[in-house]
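A look at the structure
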Amino acid sequence: MDKPEDSTTRQRWQLFLLGALGMYGYMFFYLLGISMTTPVSSSIFVSLEPIWVFVITVLFYKEKATWMKLLGIGLGLGGAILCIATQPGDDLASNAMAGNLICLVSSIVYAIYLVVSNRLLKGVGDMTLLKYTFLGAAVMSLIVNSIYGFEAPIMSMSLFSTPMLVLLFVLIFPTTISYLLLPIGLKYLKTTLVAIYGYLILIVATVTSFLLGQDRFSWTQLGAIVMICISVYLVEVAESKSKV
């Protein structure tokens, strides 16, 4: 049965801060990081989100840590370190190490957002969560823009220009629709399982980047992807099978 669309003042403030710090923080760090590194590398760190979700639930919500899960965490961190330490800066990545580190921070922020959202959904309705988290993110964006300025050359372009169409696509599909559907997924699935669907981002980003020439094949990237895939399997899938 769906939660009623009401909430206390405390819950509304919690949702507002979650949007301002979690939702906006994730997007801010991710966009900043991807501007310095390549799409595939940034997606590698998105794939670490199930690991961070598990670490948070172990540290703050007393979830059981087994040797298999600890091994998975070690492999995942190894894959991240491999990607950060070996990717050189070139014409496709102006500052790969800084960009990768910032994307790593963004994945941790998003994992916190997922865990806290899941907890708050137990006491508020879907639309209440979306309304106040989007409000918090909007207010934070105004604060940040007031510091860095509101100048955006793209706003003077035609509505049907390529940059404007790309911006509209990003605003509608990966941002608005994905965040609208996220509470529904969190309601019926485990938080780590929702985070695992982020692997679709890695697959799509890898294929698209190579096709558009925005990334080059790298054995270290491939090694990092394999290590992180195995790590999430150990943390979530293999452990779940062992309980059956």
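Now for a look at the structure at hand. Treat the numbers as computed from the prediction; the structure is a model and nothing was measured.

Before going further, it helps to examine the overall build of the protein. The number of helices and strands found in the protein is 10 helices and 0 strands. When burial is assessed residue by residue, the protein has 43% of its 244 residues classed as buried. Taking the contacts inside the protein whose residues are at least 6 apart along the sequence as the reference set, 82% of them involve residues at least 24 apart. Carbon and sulfur atoms make up 74% of the accessible area of the protein, which amounts to about 13,400 Å² in all.

Time to look at helix H6 (residues 126–148). Each turn of an α-helix holds 3.6 residues, which means side chains three or four residues apart point in the same direction. Compared with an ideal rise of 1.5 Å per residue, which puts 23 residues at 33 Å, H6 spans 33 Å between its outermost C-alpha atoms and is within 8% of the ideal. Those residues of H6 that fall on the buried side of the exposure criterion are Asp126, Thr128, Leu129, Leu130, Thr133, Gly136, Ala137, Ser141 and Val144. Elements that come into contact with the buried residues of H6 comprise helix H1 (9–34), helix H5 (96–120) and helix H7 (162–188). Once H6 ends, the next one or two residues include Gly149, with phi positive near 100°.

Once that is clear, we can look at the side chain of Asn118. Tracing the backbone shows Asn118 in helix H5. A polar side-chain atom of Asn118 sits 3.3 Å from a polar atom in the side chain of Lys122.

With that settled, the discussion passes to the environment of Ser94. Turning to its location among the elements, Ser94 is positioned in the loop between helix H4 (67–86) and H5. The class for Ser94 is exposed, based on a relative accessible area of 61%. C-alpha of Ser94 to C-alpha of Met36: the two residues are 58 residues apart in sequence and 5.1 Å apart in space. Apart from the residues lying within four places of it in its own chain, the contact partners of Ser94 are Ser35 and Met36.

Our focus in this paragraph is the packing of helix H3 (residues 49–61) against H4. Taken N-terminus to C-terminus, the directions of H3 and H4 make an angle of 135°; their axes are 10 Å apart at the nearest point. The orientation of H3 relative to H4 falls into the category oblique. As for how H3 packs across H4, the hand of that crossing is left-handed. Here Ile51, Trp52, Phe54 and Val55 of H3 come into contact with H4, specifically with Lys69, Gly72, Ile73 and Leu77.

The next thing to look at is the packing of aromatic side chains. All told, the structure shown has 7 aromatic pairs when counted by the stated rule. Taking the centre distance of 5.6 Å and the plane angle of 75° together, the rings of Trp13 and Phe16 count as edge-to-face. Of the two residues, Trp13 and Phe16 both sit in helix H1, 3 residues apart, roughly one turn of that helix. Note on Tyr26 and Tyr110: the rings are 4.5 Å apart at their centroids and 35° apart in plane angle, and the pair reads as tilted. Here Tyr26, found in helix H1, pairs with Tyr110, found in helix H5; they are 84 residues apart in sequence, far enough to count as distant. One exposure class covers both Tyr26 and Tyr110, and it is buried. Connected via pairs of aromatic rings, a cluster forms that spans Tyr26, Tyr30, Tyr110 and Tyr113.

Parameters and conventions
- Residues numbered from 1 in each chain as written.
- Predicted model: local features only at pLDDT ≥ 70, side-chain atom pairs only at ≥ 80, totals over all residues.
- Heavy atoms only, no water.
- Helix = DSSP H or I, 4+ residues; strand = E, 2+ residues; numbered from the N terminus.
- Buried < 20%, exposed > 50% of the residue type's maximum accessible area, 1.4 Å probe, protein only.
- Contact = heavy atoms within 4.5 Å.
- Areas by Shrake-Rupley, 256 points an atom, 1.4 Å probe, with all protein chains shown as cover.
- Expected span 1.5 Å × (residues − 1).
- Polar contact = N/O pair within 3.5 Å; in protein donor to acceptor, adjacent residues only side chain to side chain.
- Axes fitted to C-alpha atoms, helices over the stretch in contact; angles between N-to-C directions.
- Parallel < 35°, antiparallel > 145°, perpendicular 65-115°, else oblique.
- Left-handed = near helix turned anticlockwise from the far one by under 90°.
- Phe/Tyr/Trp six-rings, centres within 6.5 Å; stacked < 30°, edge-to-face > 60°.

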